[in-house]
Amino acid sequence: MNPRTRIPLSRSLMVIGLGLTGLFGCSAPQVQAEAPAGGGASGPVAAAKATATGSQSCQAIGDFYWEVGDGRGAIVSGSVGDSYSANKSIKIASASKFVWGAYVVEKLGKSGRLDSGVVEALTMRSGATAFNPIACLLTRSVEACLRVRSNSETTPGDVGRFSYGGGHDQRLAVELGLGRFNGQELTREVRTYIGNDVDLSYARPQPAGGMEGTPAGYATFLRKIINGDLKMRDYLGSNAVCTLPGRCPTALKSPVKEAWHYSLNHWVEDDPQTGDGSFSSPGLEGFYPWISADKKTYGIVARETLRGNAYWASVLCGRDIRRAYMTGNPVR
């Protein structure tokens, strides 16, 4: 099966045009949604489509592509507006972390157990809290990025405490012998373990945020986890640590204002009030991939924008779609 194929050939394709007026004062965006035959006027597929085009959280983010699927492929998907599609390559920023975590687990998790130092890095407790990715804009290798300015420094008092940032992965990459690698070489290395069918690559040699790729490519990666083709399926949610400063004494810094936990380079959305236990990896510019708590369903909200809190706005839309699909009831 072509890794870019989103819906098996046995499934029917239908295109639905919906007009939304008054969105950001612009002309009504065109919405294309695809679903298998038998989706009907009610049920999970219809609920997901109605939510993607009608929920307050999804209307707030403008143009985006979205998809919900299982281990066989996409079940329902659509494009709000004409800016994004399944095969348009975009920056995925911190969604790169999930991929890096899967690579590390695949490479080092053969015995079923990861070294404590690796776990500390993948749960962002290594003390590498001085890392600034902006300082790496002109660097050409993994190690050059780590060595610029104060990026390689360890803050002793931060060791063992959760602090979200890219330094943990950058240093781990050097420790794994990848320091001389540029983006292309890092791509080849990671794909050697997660599969060349995953259409994702490193535009910059930064494991925690340097990837770009298509939603279809990322969906292939998520399906490989769901199907057990990658060891990460067995590690989802493992070694999870608390992350919310003020409520967790070992948490220093988190971009999430809810009481999620952090596992091996992915979040566990288990806030007591809002969480459903899904595993995710939101990217700074609005790319939001997730796997359901039962490890049977995946989803993506894909867009690329530098607006403040773009990642969180995509989370709100994405979990509306997830809730609608799981319950069969649209979210408004």
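Residues numbered from 1 in each chain as written. Predicted model: local features only at pLDDT ≥ 70, side-chain atom pairs only at ≥ 80, totals over all residues. Heavy atoms only, no water.

Asker: What is the right way to read the pairing of strand β4 (residues 73-80) from this model?
Answerer: Consecutive residues of a regular strand have side chains that alternate between opposite faces of the sheet. Counting buried positions over the eight residues of β4 gives eight, a clear majority of the element. Judged from the seven bridges that link them, strand β3 (residues 64-70) and β4 form a sheet pairing that is antiparallel. Its bridge partner being in β4, Val68 is matched across the sheet by Val76. Linkage of β3 to β4, two consecutive antiparallel strands, is achieved through a turn of two residues. (Buried < 20%, exposed > 50% of the residue type's maximum accessible area, 1.4 Å probe, protein only. Helix = DSSP H or I, 4+ residues; strand = E, 2+ residues; numbered from the N terminus. Pairing = 2+ DSSP bridges.)

Asker: Is there a simple way to think about the environment of Pro207 in this case?
Answerer: Inspection of the secondary structure puts Pro207 in the loop between β7 (200-202) and β8 (211-213). The exposure class assigned to Pro207 is buried, which follows from its relative accessible area of 0%. Note: C-alpha distance between Pro207 and Gly101 (106 residues apart in sequence) is 9.1 Å. Leaving out residues up to four positions away in the same chain, Pro207 has contacts with Ser96, Lys97, Trp100, Asp169, Gln170, Ala173, Leu186 and Tyr202. (Contact = heavy atoms within 4.5 Å.)

Asker: Looking at this model, I keep getting lost on unusual backbone geometry. Mind explaining?
Answerer: For residues besides glycine, phi is generally negative; the peptide bonds are generally trans as well. For Arg149, which is not a glycine, the phi torsion comes out positive at approximately 50°. In this structure, Arg149 sits in the loop between α5 (142-147) and β6 (162-163). Unlike most non-glycine residues, Lys295 shows phi in positive territory, near 65°. Mapped onto the secondary structure, Lys295 falls in the loop between β14 (288-291) and β15 (298-302).

Asker: Before we go on, may I ask you to explain the nonpolar core in this structure?
Answerer: Where a protein is soluble and globular, its nonpolar side chains tend to be buried together. Phe98, Trp100, Tyr218, Phe221, Met232 and Ile291 are the most contacted members of the largest nonpolar core, which totals 52 residues. When neighbours within four sequence positions are excluded, Trp100 is seen to be in contact with Leu122, Asp169, Leu172, Ala173, Leu176, Leu178, Leu186, Val190, Tyr202, Pro207 and Asn265. (Core = buried A, V, L, I, M, F, W, Y, C linked by side-chain atoms within 4.5 Å.)

Asker: Help me out: how do you make sense of the sheet that holds β8 in this one?
Answerer: Strand pairing in a sheet takes place through backbone hydrogen bonds and is either antiparallel or parallel in direction. Taken together, the three strands give an open sheet; going across it, the order is β5-β8-β7, and neighbouring strands pair in antiparallel fashion. The open sheet terminates on both sides in strands that have one partner only, identified here as β5 (90-91) and β7. Relative to β8, β7 is paired through three bridges, and the arrangement is antiparallel. Paired with Leu200 across the bridge in β8 is Gly213.

Asker: I would appreciate a short explanation of the pairing of β14 in the present structure.
Answerer: Neither face of β14 is exposed, since Tyr288 and Trp290 on one face and Pro289 and Ile291 on the opposite face are all buried. Pairing between strand β13 (residues 278-280) and β14: two bridges, direction antiparallel. Bridge pairing links Ser280 to Trp290 in β14.

Asker: Where do I start with the packing of helix α3 (residues 96-108) against helix α6 (residues 167-175) in this structure?
Answerer: Packed helices, taken two at a time, are described by the angle their axes make and the gap between the axes. Interaxial distance between α3 and α6 falls to 12 Å at its minimum, and their mutual angle equals 35°. Along this stretch, α3 crosses α6, giving a crossing that reads as left-handed. Contacts between α3 and α6 pair Lys97, Trp100 and Val104 from the former with Asp169, Leu172 and Ala173 from the latter. Considered class by class, the residues forming the contact of α3 with α6 number four nonpolar, no polar and two charged. (Axes fitted to C-alpha atoms, helices over the stretch in contact; angles between N-to-C directions. Left-handed = near helix turned anticlockwise from the far one by under 90°. Nonpolar A, V, L, I, M, F, W, Y, C, P; charged D, E, K, R; others polar.)

Asker: How should I be thinking about helix α1 (residues 44-54) in this particular structure?
Answerer: Quick reminder: α-helices carry 3.6 residues per turn. Residues three or four places apart thus point the same way. Across the eleven residues that make up α1, a large majority, nine, are buried. Looking at α1, one finds that the buried residues are Val45, Ala46, Ala47, Ala48, Lys49, Thr51, Ala52, Thr53 and Gly54.

Asker: Just to check I follow, could you spell out the state of the cysteines for this structure?
Answerer: Note on terminology: a disulfide is the covalent bond linking the sulfur atoms of two cysteines. In total, this model carries three disulfides according to the counting rule given. Covalent S-S linkage joins Cys58 and Cys317, the inter-sulfur distance amounting to 2.1 Å. Between Cys58 and Cys317, the S-S torsion sits near 95°, and that sign places the bridge as right-handed. With a gap of 259 residues between them, Cys58 in helix α2 (residues 56-59) and Cys317 in helix α10 (residues 310-327) connect regions that are remote in the sequence. For Cys58, a relative accessible area of 1% gives the class buried. The disulfide partner of Cys136 is Cys145, and the S-S distance across this bridge is 2.0 Å. One disulfide, between Cys136 and Cys145, carries an S-S torsion of 80° and so falls in the right-handed class. Neither Cys136 nor Cys145 differs from the other in exposure class; each is buried. Cysteine pairing in the protein chain follows 1-6, 2-3, 4-5, where each cysteine in a disulfide is numbered by its order in the sequence. (Disulfide = S-S within 2.5 Å.)

Asker: Explain the pattern of salt bridges to me, please; I cannot follow it from the model alone.
Answerer: Pairing is possible between side chains that carry opposite charge, provided their charged atoms lie close to one another. Taken as a whole and judged by the stated rule, the model has ten salt bridges. Between Asp199 and Arg191 there is a salt bridge, with the nearest N and O atoms lying 3.9 Å from each other. Judged by its relative accessible area of 22%, Asp199 falls in the partly exposed class. Notably, a salt bridge pairs Arg322 with Glu269, separated by 3.0 Å at the nearest N-O pair. In this pair, Arg322 sits in helix α10 while Glu269 sits in strand β12 (residues 267-269), placing the two residues 53 residues apart along the sequence. The same class applies to Arg322 and to Glu269, which are both buried. Residues participating in the shared-partner salt-bridge network are Glu269, Asp276 and Arg322. (Salt bridge = Lys/Arg side-chain N within 4 Å of Asp/Glu carboxyl O.)

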